[in-house]
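Below, each chain spelled out in residue letters.
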Amino acid sequence: MNEILTPVMIVAGIGLLAGLILAIASIVMAVPKDEKAEAIRDMLPGANCGACGFSGCDGYAKALSSGEAKPGLCPVGGAGVAKNISEYLGCDAGDVTRKVALVHCMGSYDNTTDKVEYEGIETCAGAAIVAGGIASCQYGCMGLGDCMRACQYDAISICNGVAKIDPARCKGCSMCVQACPKHLISFVPAKKLAVVRCNNCDKGAMTNKVCKIGCIGCKKCEKTCQHDAVHVKDFVASVDPEKCIGCGACANVCPTNAIKIIDKDGQREIWENKFQMVKCDYCGQYFITKEHIIIKE
Amino acid sequence: MIKSLVAIFLAAILTENYILNKFLGICPFLGVSKKLDTATGMSIAVTFVMVISTAVTWPIYTYVLEPHGLAYLQTIVFILIIAALVQFIEIVLKKYIPSLYNALGVYLPLITTNCAVLGVTMLVIEKGQSDPGFGYIQSLVNAFGSGIGFLVAMVIFAGIRERIEHNDIPKSLQGLPITLVAASLTAVSFLGFQGLVEGMLG
């Protein structure tokens with residue numbers, strides 16, 4: 001009898017002891033659950049993209065519940081989610097400017113060429129390892145579609161050898177930004193805005209050789225801009241979206257048409273200087289509509 | 001003493017590697033080795049649990065089971081203890097070291113039923129029976145070395161898998177088949193360490 005009873009007792013005893021210790025430990029060391037954070041977590045879209053700057057939706061929900069972050073940082077959820085969260089938290093939603101991803105390259109086959117015939121793996125990451133990529137411009141889009149595959153919302157297409165993002169479909173999740181090995185994609189606010197759609201840091205003559213539409217760093221835009229929004233650094237211009245009012249003066253003077261104006265909703269792009277410019281009678285500057293004319297006394 | 005401990009430690013990493021020589025713990029080896037950071041996190045958690053569970057199961061076997069002639073209960077008791085222990089560690093980490101919990105938390109429940117952990121605790125006792133000099137400290141060093149060996153294998157294999165991702169693999173071999181082929185080749189390469197530790201310190 002003892003032969004059976006002793007082992008049963010010992011195993012049962014160890015099991016009971018372990019169970020008791022676990023039960024006591026889970027009560028004594030219980031971590032209070034953050035109900036607020038969990039409720040907020042349910043409101044967030046759950047894409048876990050990290051575009052808000054926190055480690056996924058859980059991280060953002062935690063920061064929101066402890067008041068470290070403001071609602072409206074989630075580009076995927078947009079204004080709707082921001083409104084829900086601010087109602088729940090009882091605070092002001094703040095300004096939610098929608099941001100859309102933009103490819104800073106227009107190196108289509110009309111403007112640039114491939115320097116080699118590439119027969120390797122059909123990904124940008126793969127091609128970028130071989131001698132800096134296949135495009136003649138080493139900074140430019142290779143058009144092999146890593147961003148297209150990364151996009152969960154079907155917003156990116158490869159057209160004529162260059163990636164194009166449909167701003168209406170872009171949710172701002174930043175997956176394409178991370179996928180591009182040439183770091184050509186970045187966010188711009190969806191408002192009327194000038195953007196430099198080139199990333200070539202070479203000197204003007206070098207840029208001219210590889211691309212018809214590249215930024216040559218001539219600084220005409222910098223001199224033209226009345227709002228201190230355009231600056232040329234490393235032979236490529238960049239626009240400060242905070243300061244830019246979208247007047248289009250820089251796009252008008254750009255000799256290579258590397259600067260484009262994107263429209264308020266980010267949906268329409270005005271190409272090749274076809275937008276209407278209005279000359280101000282007082283200061284002689286060109287502006288895009290009459291609303292933008294600033295009267296200087 | 002020190003020399004023999006170093007020999008045990010190195011042998012546990014290279015010649016007695018739990019994944020590549022004993023083929024234990026293959027599930028995390030194939031499942032979690034897709035990315036370097038998850039592979040490292042998992043291995044650190046495994047090392048941690050291996051050492052602690054050896055530290056607990058060795059005295060229980062030596063002082064409770066063996067004197068009562070209950071050595072045959074070893075497997076079931078060890079599973080019970082390791083499962084409870086991992087749960088306990090999870091609770092403690094959640095409360096007192098949340099940063100470590102965030103880093104290892106996902107992997108801890110996975111380890112509860114990991115055969116490598118059970119294998120270490122049982123083989124350590126087997127070794128102690130065949131060699132009287134193999135006591136508690138030696139067992140702990142062996143468990144720690146086994147964990148580091150797990151880490152080495154995982155990190156090597158994570159690197160290999162990241163390379164495989166960028167390769168053009170025939171359709172019939174894509175996914176798990178090519179991973180298993182790569183795993184077998186890695187295991188074969190570890191055969192090269194056979195006799196190394198004895199030659200170095202023996």
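A quick note: this is a predicted structure, and the numbers were derived from the prediction, not measured.

(A) Expanded view of the overall build of chain B. Within chain B, the secondary structure is distributed over 10 helices and zero strands. Each helix (α) and strand (β) of chain B, taken in turn from the N terminus, gives the series α-α-α-α-α-α-α-α-α-α. Out of the 202 residues in chain B, the part that is buried amounts to 34%. Nonlocal contacts in chain B, meaning residues at least 24 apart in sequence, comprise 79% of its contacts between residues at least 6 apart.

(B) Here's a closer look at the packing of helix H3 (residues 36–65) of chain B against helix H8 (residues 136–165) of chain B. Residue and element names in this part refer to chain B. Axis separation between H3 and H8 bottoms out at 9 Å; the angle between their running directions is 165°. Relative to H8, the element H3 lies roughly antiparallel. Relative to H8, the crossing made by H3 is right-handed.

(C) The interface of chain A and chain B, seen in detail. Chain A puts 15 residues into the contact, and the matching count from chain B is 17 residues. Among the elements that take part in the side of chain A that touches chain B, helix H1 (residues 2–28) of chain A stands out by supplying 11 residues, more than any other. Of the residues contributing to the side of chain A that touches chain B, the split by class is 11 nonpolar, four polar and no charged.

(D) Focus on helix H7 (residues 115–130) of chain B. All names here are of chain B. Between its terminal C-alpha atoms H7 stretches 22 Å, which fits the 22 Å expected from 16 residues at 1.5 Å a residue. Along H7, the residues classified as buried are Ala116, Val117, Leu118, Val120, Thr121, Val124 and Ile125. Elements in contact with the buried residues of H7: H3, helix H4 (74–96), helix H6 (108–111) and H8.

(E) How the structure looks around the environment of Leu85 of chain B. Residue and element names in this part refer to chain B. If you trace the backbone, Leu85 turns up in helix H4. Sequence-wise, Leu85 and Ser53 are 32 residues apart; in three dimensions their C-alpha atoms are separated by 7.2 Å. Setting aside its immediate chain neighbours within four residues, Leu85 contacts Ile52, Ser53 and Val56.

(F) Representation of the packing of helix H2 (residues 35–43) of chain A against helix H3 (residues 56–65) of chain A within the structure. Residues and elements named next belong to chain A. Remark: H2 packs on H3, axes separated minimally by 8 Å, with the N-to-C direction vectors making an angle of 130°. As far as their axial angle goes, H3 and H2 are oblique. The two elements H2 and H3 meet at a crossing, and its hand is right-handed. Touching Lys36, Ala37, Ile40 and Arg41 of H2 are Cys57, Asp58, Ala61, Lys62, Leu64 and Ser65, all from H3. Considered class by class, the residues forming the contact of H2 with H3 number five nonpolar, one polar and four charged.

(G) Quick look at unusual backbone geometry. Residue and element names in this part refer to chain A. For Ser174, which is not glycine, the phi torsion reads 70° and is therefore positive. Looking at where Ser174 falls in the secondary structure, it is placed in the loop between strand E3 (162–165) and helix H7 (175–179). In this structure, Asp228 is a non-glycine residue whose phi angle is positive, near 60°. Looking at where Asp228 falls in the secondary structure, it is placed in the loop between helix H9 (220–224) and strand E6 (230–233).

(H) Structural detail: the nonpolar core. Formed by 71 residues in total, the largest nonpolar core has its most connected members in Val103, Ala194, Val196, Cys250 and Ile259 of chain A. Ignoring anything within four residues of it in the chain, the contact list for Val196 of chain A reads His104, Cys215, Val236, Ala237, Ser238, Val239, Ala258 and Ile259 of chain A.

(I) Inspection of the environment of Val239 of chain A at higher detail. All names here are of chain A. Structurally, Val239 can be placed in strand E7 (residues 236–239). Between the alpha carbons of Val239 and Val195 there is a distance of 6.1 Å; along the sequence they are 44 residues apart. Not counting residues within four places of it along the chain, the set of residues in contact with Val239 comprises Ala194, Val195, Val196, Ala229, Val230 and Cys244.

(J) Just the pairing of E7 of chain A, in detail. Residues and elements named next belong to chain A. Across the two faces of E7 the burial is the same, with Val236 and Ser238 and Ala237 and Val239 all buried. Relative to E7, E6 runs antiparallel, the two sharing four bridges. Within E7, the position partnered with His231 by the bridge is Ser238. Between E6 and E7, which pair antiparallel one after the other, the connecting turn spans two residues, and Asp234 there sits at a positive phi close to 55°.

(K) Structural view of the confidence of the model for chain B. Residues and elements named next belong to chain B. Chain-level statistics for chain B give a pLDDT mean of 86 and a share of 97% at 70 or above. Per-residue pLDDT, averaged within each element of chain B, yields its smallest value for helix H5 (residues 98–104) (74) and its largest for H8 (91). Both confidence scores are given for the complex: pTM 0.56, ipTM 0.70.

(L) Molecular detail of the confidence of the model for chain A. All names here are of chain A. Looking at chain A as a whole, its pLDDT mean stands at 79, while 86% of the residues score no less than 70. Confidence, expressed as mean pLDDT per element, reaches its minimum in chain A at strand E9 (residues 269–270) with 47 and its maximum at E7 with 89. Note on residues 270–275: pLDDT under 50 across the span, and 11 contacts to partners over four residues away in sequence or across chains. Of the regions scoring below 50 in pLDDT, residues 290–297 engages in 10 contacts with residues more than four places distant in sequence or in other chains.

(M) Layout of the environment of Val236 of chain A. Residues and elements named next belong to chain A. Here Val236 lies in strand E7. Note on Val236: 21 C-beta atoms within 10 Å, which makes it buried. Beyond its immediate stretch of four places on either side in the chain, Val236 contacts Val196, Cys198, Asn199, Asn200, Cys201, Cys215 and Gly217.

Scoring rules and cut-offs
Residues numbered from 1 in each chain as written. Chains lettered and ligands numbered in written order. Predicted model: local features only at pLDDT ≥ 70, side-chain atom pairs only at ≥ 80, totals over all residues. Helix = DSSP H or I, 4+ residues; strand = E, 2+ residues; numbered from the N terminus. Buried ≥ 20, exposed ≤ 12 C-beta atoms within 10 Å, placed from the backbone. Contact = placed C-beta atoms within 7 Å. Axes fitted to C-alpha atoms, helices over the stretch in contact; angles between N-to-C directions. Parallel < 35°, antiparallel > 145°, perpendicular 65-115°, else oblique. Left-handed = near helix turned anticlockwise from the far one by under 90°. Nonpolar A, V, L, I, M, F, W, Y, C, P; charged D, E, K, R; others polar. Expected span 1.5 Å × (residues − 1). Core = buried A, V, L, I, M, F, W, Y, C linked by C-beta atoms within 7 Å. Pairing = 2+ DSSP bridges. pLDDT = per-residue confidence, 0-100.

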